[in-house]
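# Report on the structure
The chain contents come next:
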Amino acid sequence: MNVVLAVKQYVAKMIEDSGPGMKVLLMDKDTTSIVSMVYAQSEILQKEVYLFERLDSQGREIMKHLKCICFLRPTKENVEFLSQELKNPRYGIYYIYFSNVISKSDVKILAENDEQEVVREVQEFYGDYIAVNPHLFSFNLTGCSQGINWTSQALARSCQGLTALLLALKKCPMIRFQNSSEMAKRLAENVRQVISKEAGLFDFRKPDVPPLLLILDRRDDPVTPLLNQWTYQAMVHELLGIHNNRIDLSSVPGISRDLREVVLSAEHDEFYASNMFLNFGEIGSNIKELMEDFQKKTKSQQKVESIADMKAFVENYPQFKKMSGTVAKHVTVVGELSRLVGGHKLLEVSEVEQELACKSDHSNHLQSIKKLFQDEQVSELDLVRLVLLYALRYERHPNNEVHWMMDALGRRGVSDRYKKLVSAIVEYGGSKRRGTDLFGTDNTNPISFTKKLLKGLKGVENVYTQHTSLLQDVLDQLIKGKLKDGSYPYLGTSTLRDRPQDIIVFTIGGVTYEESLAIHNMNRTTPGVRIVLGGTTVHNTKSFLEEVWQATQGLRFQYTNAQASPQHRWT
């Protein structure tokens, strides 16, 4: 079950089926992102695709000598644009591929507009999702709910994306869902309706053990997206933001023009593929080793002891940058991460976060938070995330000091919009919203406390990463056959008797790279089990706060008299 490979094979098949000759690839906004995640432009150029165009762009040239491969989502808007295109075709012949099921009525509309008979083929190729890693997919949807209900657009997109993923992986699954979530139940029912309606498409060879689709709700674990991260991919997303494999470095002090935006893709960057799941210290050590190898070849004596030394080395030796351009890129990224970690006291902040997430110790937690409030280097966002974690952990504590913390945020000059989030997070994922005992207060579902040390470069200290996500615990129970049917019922009467082998997990409200790492490790260490993880989006803290804000619009809050209003964004 490789979600990247599935999309790559679809794109390769489109190009192959159009035969030899010069081609243009015509896409929409969504499919442009879908293709760019799995193919570099240079790769597609080698397949005689010389032009990349958007269906909605105005003023495209007429080039009758080109074959046109259309890869589009089957939306009403795209059908209208494509109808106009076929009435006045700019290219010689058209091969049309939709990323999902298209209705017969829409096909009829296209046929009626193909007056010049330029269309050679219309097919459905189910690459209707963003393939982030081989085991991770997303729909790039933030703000999928209002209150505890789906927005209609997000529900439709999630159902379409999930059913396309199942078709791409050739799976007709049994479905389980989180019983405490109406949104999970509704999505499960909608997916089953599509499977029933399109039974012919889902008529795959039946394996001995049926695949399983498990639908969860982010509200059950609002803690994981609030934590600082210490593995490379997760850390980059948390501190810099990854959008369709691209990282904006334009605000980095002294950044060179060619590094203002960089691409981090495991498909096209060997160093990133090898290091994306390693911790921050290990990344630094690996870069240092490459530089030392280069020094031996050039007989350089320059010291490379710290991340700052690395940056200086790259600047002084342009031939190293030429020889190992991707590594030079990673020196820049790691250098900026290091600057942010030191500048905002993230090691100290993260340790308190981990303690809040994993242990109940009200007095010590309160003292730790108050100490960080007195440190001017701790950022507004990090103070807010500590208060949010405290509000969730000690929501029902008799000596809860959330009101003091709200005042303290005000004294530090934190904006009203951030302060309102304290109540919003409790409304979104507090104890009355959750279906599980997230903090293990009844000791029936213990979370293992593990410490992982960051070792390596000078300047990188040891950091605790005790936290284990609820998702990891749920999957562990599922694989062991201990996941309670009452909490995660099956849709329909059939149940799985054997240990599941192929598991597709989808989280409404988004997933995190911490959870992705857990799935990567489970796939490596659990023989006979293959897991794919997906979500409406892949969150960092900022995007999660946007999710929480949009979900709680118009609801009365516990700690303030204000209602959430829709105008704020958390970027």
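None of the values given here were measured: they were computed from a predicted structure.

A cluster of nonpolar side chains, namely M22, L45 and Y50, defines an oily patch on the protein surface of about 270 Å² accessible area. On the secondary structure map, Y50 appears in strand β2 (residues 49–54). Residue class for Y50 comes out partly exposed when judged on its relative accessible area of 44%.

With respect to burial, strand β3 (residues 63–72) is a largely interior element, eight of its 10 residues being buried. Two elements, strand β1 (residues 23–27) and β3, share five bridges in a ladder whose sense is parallel. Bridging from a neighbouring strand, K23 pairs with K67 of β3. Here seven bridges tie β3 to strand β4 (residues 91–98), and the two strands are oriented parallel to one another. Bridge pairing in β4 links M63 to Y91.

A complete count under the given rule lists 12 aromatic pairs for this structure. When the centroid spacing of 6.1 Å and the interplanar angle of 70° are considered together, the rings of Y129 and F137 count as edge-to-face. Each member of the pair, Y129 as well as F137, carries the same accessibility label: buried. Summarising the aromatic geometry, the rings of Y232 and Y272 are spaced 5.9 Å apart at their centres and angled 70° between planes, so their arrangement reads as edge-to-face. Residue Y232 is located in helix α8 (residues 232–239), and its partner Y272 is located in helix α9 (residues 270–275); the two are separated by 40 residues in the primary sequence. Put simply, the rings of Y129, F137, F139 and F506 touch in pairs and so form one group of aromatic residues. It is K370 that lies over the ring of W404; its NZ or CZ is 4.7 Å from the centre.

Moving on: the sheet that holds β2. Taking strand neighbours across the sheet as the criterion, the five strands line up as β2-β1-β3-β4-β5 in an open arrangement whose pairing is parallel. Across the chains shown, the open sheet's two edge strands, defined by having one partner strand only, are β2 and β5 (119–124). On average, adjacent strands in this sheet sit at an angle of 20° to one another, irrespective of strand direction. Examined bridge by bridge, β4 and β5 share five bridges and lie parallel to one another. From the neighbouring strand, Y97 faces β5, where its bridge partner is Q123.

Another point: the sheet that holds strand β6 (residues 130–133). Taken in spatial order, the six strands make up an open sheet running β6-β7-β16-β14-β11-β10, and their pairing is mixed. The open sheet has two edge strands with one neighbour each: β6 and β10 (174–177). Taking each pair of neighbouring strands and ignoring which way they run, the sheet shows an average axis angle of 20°. Pairing geometry for β10 and strand β11 (residues 212–217), over four bridges, is parallel. Its bridge partner being in β11, I175 is matched across the sheet by L213. Contacts from helix α1 (residues 3–17) reach β6, β7 (136–138) and β16 (530–535) within the one sheet, and its direction differs from that of β6 by about 135°.

What follows deals with the packing of helix α4 (residues 76–87) against helix α5 (residues 104–113). One way to put it is that α4 packs onto α5 with a least axis distance of 8 Å and a crossing angle of 20°. Taken as axis vectors, α4 and α5 run roughly parallel relative to one another. Crossing geometry of α4 relative to α5 is assigned as right-handed. Contacts between α4 and α5 involve V79, L82, S83, L86 and K87 on the former and, on the latter, D106, I109, L110 and N113. Tallied by class, residues from the contact of α4 with α5 come to five nonpolar, two polar and two charged.

Okay, the nonpolar core next. Within the largest apolar cluster, 162 residues are counted, with the highest numbers of intra-cluster contacts made by Y129, F137, L187, I215 and L475. In terms of residues, this core owes the most to one element, helix α16 (residues 380–393), which gives 10 residues. In contact with L475, other than residues within four places in its own chain, are L214, I503, V505, I519, M522 and I531. Counting 18 residues, the second largest nonpolar core, distinct from the first, contains V24, L26, C70 and L82.

This part is about the confidence of the model for the protein. When pLDDT is averaged along the protein, the result is 86; 87% of the residues meet or exceed 70. Residue range residues 443–463 is modelled with pLDDT below 50. Its contacts to residues more than four positions away, or to other chains, number 51 contacts. Overall, residues 561–571 carries pLDDT values under 50, and its contacts beyond four positions in sequence, including any with other chains, amount to 29 contacts.

Quick look at the environment of A131 now. With respect to the helices, strands and loops of the structure, A131 is situated in strand β6. Overall, A131 belongs to the buried group, its relative accessible area being 1%. When the C-alpha positions of A131 and V7 are compared, they lie 7.6 Å apart, and in sequence the two are 124 residues distant. Among all residues touching A131, those that are not within four sequence positions of it are V3, V4, V7, M37, V38 and L136.

Attention now moves to unusual backbone geometry. Here N244, not a glycine, exhibits a phi torsion of approximately 50°, which is positive. Looking at where N244 falls in the secondary structure, it is placed in the loop between α8 and β12 (246–248). Positive phi, normally seen in glycine, also occurs at K345, with a value near 55°. In this fold, K345 is placed in the loop between α13 (325–343) and α14 (346–358).

Within the secondary structure, I503 is located in strand β14 (residues 502–508). Assessed through its relative accessible area of 0%, I503 is described here as buried. Between the C-alpha atom of I503 and that of P210, which follows or precedes it by 293 residues, the distance is 9.4 Å. When residues no more than four places from it in sequence are discounted, the contact partners of I503 are M1, L212, L475, L478, I479, V529, R530, I531 and V532.

Calculation notes
- Residues numbered from 1 in each chain as written.
- Predicted model: local features only at pLDDT ≥ 70, side-chain atom pairs only at ≥ 80, totals over all residues.
- Heavy atoms only, no water.
- Patch = residues over 30% accessible without salt bridge, like charges linked within 9 Å, V, L, I, M, F, W, Y side chains within 5 Å.
- Areas by Shrake-Rupley, 256 points an atom, 1.4 Å probe, with all protein chains shown as cover.
- Salt bridge = Lys/Arg side-chain N within 4 Å of Asp/Glu carboxyl O.
- Helix = DSSP H or I, 4+ residues; strand = E, 2+ residues; numbered from the N terminus.
- Buried < 20%, exposed > 50% of the residue type's maximum accessible area, 1.4 Å probe, protein only.
- Pairing = 2+ DSSP bridges.
- Phe/Tyr/Trp six-rings, centres within 6.5 Å; stacked < 30°, edge-to-face > 60°.
- Lys NZ or Arg CZ within 6 Å of the ring centre and 35° of its normal.
- Axes fitted to C-alpha atoms, helices over the stretch in contact; angles between N-to-C directions.
- Contact = heavy atoms within 4.5 Å.
- Parallel < 35°, antiparallel > 145°, perpendicular 65-115°, else oblique.
- Left-handed = near helix turned anticlockwise from the far one by under 90°.
- Nonpolar A, V, L, I, M, F, W, Y, C, P; charged D, E, K, R; others polar.
- Core = buried A, V, L, I, M, F, W, Y, C linked by side-chain atoms within 4.5 Å.
- pLDDT = per-residue confidence, 0-100.

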